[in-house]
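# Analysis of the macromolecular model
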Amino acid sequence: MQAEEIFLKHLAQTSPYPLKLEVSHAEGPYIYAPDGKRYTDMISGIAVSNIGHRHPKVVEAIKSQVDKYLHVMAYGEFIQAPQNELGLELAKVLPEQLNCAYFVNSGTEANEGAIKLAKRLTGRTQLVACKRSYHGGTQGSLSISGNEMKKFAFRPLMPGVRFMEFNNHEDLSLINNQTAAVIVEVIQGDAGVRIGEQAWIEALRKRCDKTGAQLIFDEIQTGFGRTGKLFAFEHYGVVPDILTIAKGFGGGMPIGGFISHYEKMNQLTHNPVLGHITTFGGHPVVCAAALANLRAIQEENMIAKVEAKGQLLEETIAHDAIIEIRRKGLMFAVEFHSAELVHEIVTKCISRGVITYWFLSCPESFRIAPPINTPNDVLLEAGNTIRSVIDEVCG
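This is a predicted model, so every value here is computed, not measured. (Residues numbered from 1 in each chain as written. Predicted model: local features only at pLDDT ≥ 70, side-chain atom pairs only at ≥ 80, totals over all residues. Heavy atoms only, no water.)

Let us look at the layout of surface pockets. Its boundaries defined by the atoms lining it, the second largest pocket holds a volume of some 620 Å³. Looking at the second largest pocket, it is lined by 23 residues, and the ones nearest its centre are Tyr-75, Gly-76, Ala-101, Tyr-102 and Thr-269. Going through the elements one at a time, helix H4 (81-93), strand S4 (100-104) and helix H9 (262-265) are the ones with two or more residues in the lining of the second largest pocket. Here the lining of the second largest pocket gets four residues from one element, more than from any other, and that element is S4. (1 Å grid on protein atoms, 1.4 Å probe; cavity = no way out; pocket = protein on both sides within 12 Å on 5 of 7 lines; lining within 4 Å. Points joined across faces, edges and corners; volume = space filled by probe spheres on them. Helix = DSSP H or I, 4+ residues; strand = E, 2+ residues; numbered from the N terminus.)

Residues Val-72, Met-73 and Phe-78 make up a contiguous nonpolar surface patch of about 240 Å² in total accessible area. Residue placement: Phe-78 occurs in the loop between helix H3 (56-66) and H4. The partly exposed category is assigned to Phe-78, whose relative accessible area is 43%. (Patch = residues over 30% accessible without salt bridge, like charges linked within 9 Å, V, L, I, M, F, W, Y side chains within 5 Å. Areas by Shrake-Rupley, 256 points an atom, 1.4 Å probe, with all protein chains shown as cover. Salt bridge = Lys/Arg side-chain N within 4 Å of Asp/Glu carboxyl O. Buried < 20%, exposed > 50% of the residue type's maximum accessible area, 1.4 Å probe, protein only.)

Let's shift gears to the environment of His-235. Among the structural elements, His-235 can be located in the loop between strand S10 (214-218) and strand S11 (242-245). For the pair His-235 and Val-186, spaced 49 residues apart in the sequence, the C-alpha separation amounts to 9.5 Å. Of note is the side chain of His-235, whose polar atom sits 3.0 Å from the side chain of Thr-227. (Polar contact = N/O pair within 3.5 Å; in protein donor to acceptor, adjacent residues only side chain to side chain.)

Right, here's the structure in full:
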């Protein structure tokens, strides 16, 4: 059987139209096909490979840990150096209110854990989320996501969820003394890079303080340098009660986490015992990779150059046919008049060796999110290809 036939018949598909790009290997900002064709990865596997593919420090850390041990016990029982070192490193780079991490396997698991923690802390059940938001595909995370198209086939979902308009001050009144938590992406990703307004983020924090609701910031897509800060909430000077992370956390390996203060996280240890549990969360090989990823970002001073790289790329792709470019750092949404135009642009870019992708909740825009350490000459080359495709498709 050919690779494509196996892929389509023996692997469950997520849509009727997968890209079907066969991968041989990947390195830095590039992905290679078996025939040797090189593709510039301008989406980082949807904001995962933030420091490029197979960063040498991440690869070295993985190999080193594999030579020691793999899984030894379900999370939370044995003392393991990769978990310890990663937890300590996160505590160093985050505010004091966020000094204790619980490691899981993915972003949606991180949000599930954050919801449980908020309910445990407050004794409340109501949740408030944003319209057009996306927080994951499991039942709880889907319940707090604001796109009905993704949800209708799986109802009934978790009850007690209310939705407010992003950046709408009046809707903050939906948060009250029955609210366990408010979960917000300070920059909405799947909605097409909708950027939170400073005054609204500040008012959101004040409303949560007034009502006793836990404020959860979902930084699964925006974390680890993507927006020009290690975490997007740093742009606002507002600290959440609970932070969720994944995607760019692991340097290409699968890991997520929810983070809060030690005293809050400790509530999951009793009444009931094992208030949250995972078998594979905090896997030592993955934690070693995540630690190497975080240290590489810091040691190589990657974040300092993100905004300038974003500006360079924005200027390179500029075209009269573009309705709007929404951008923070190297997180882009490029909007056109129709989803059909976007589909044609994305498809042609891939055929010419540049990988871009659409947003499920904003199909009239396409995403750009290259590794944050992509060299400027690579960004220019890819940007010029994108612009030439736009010119061809739109005239």
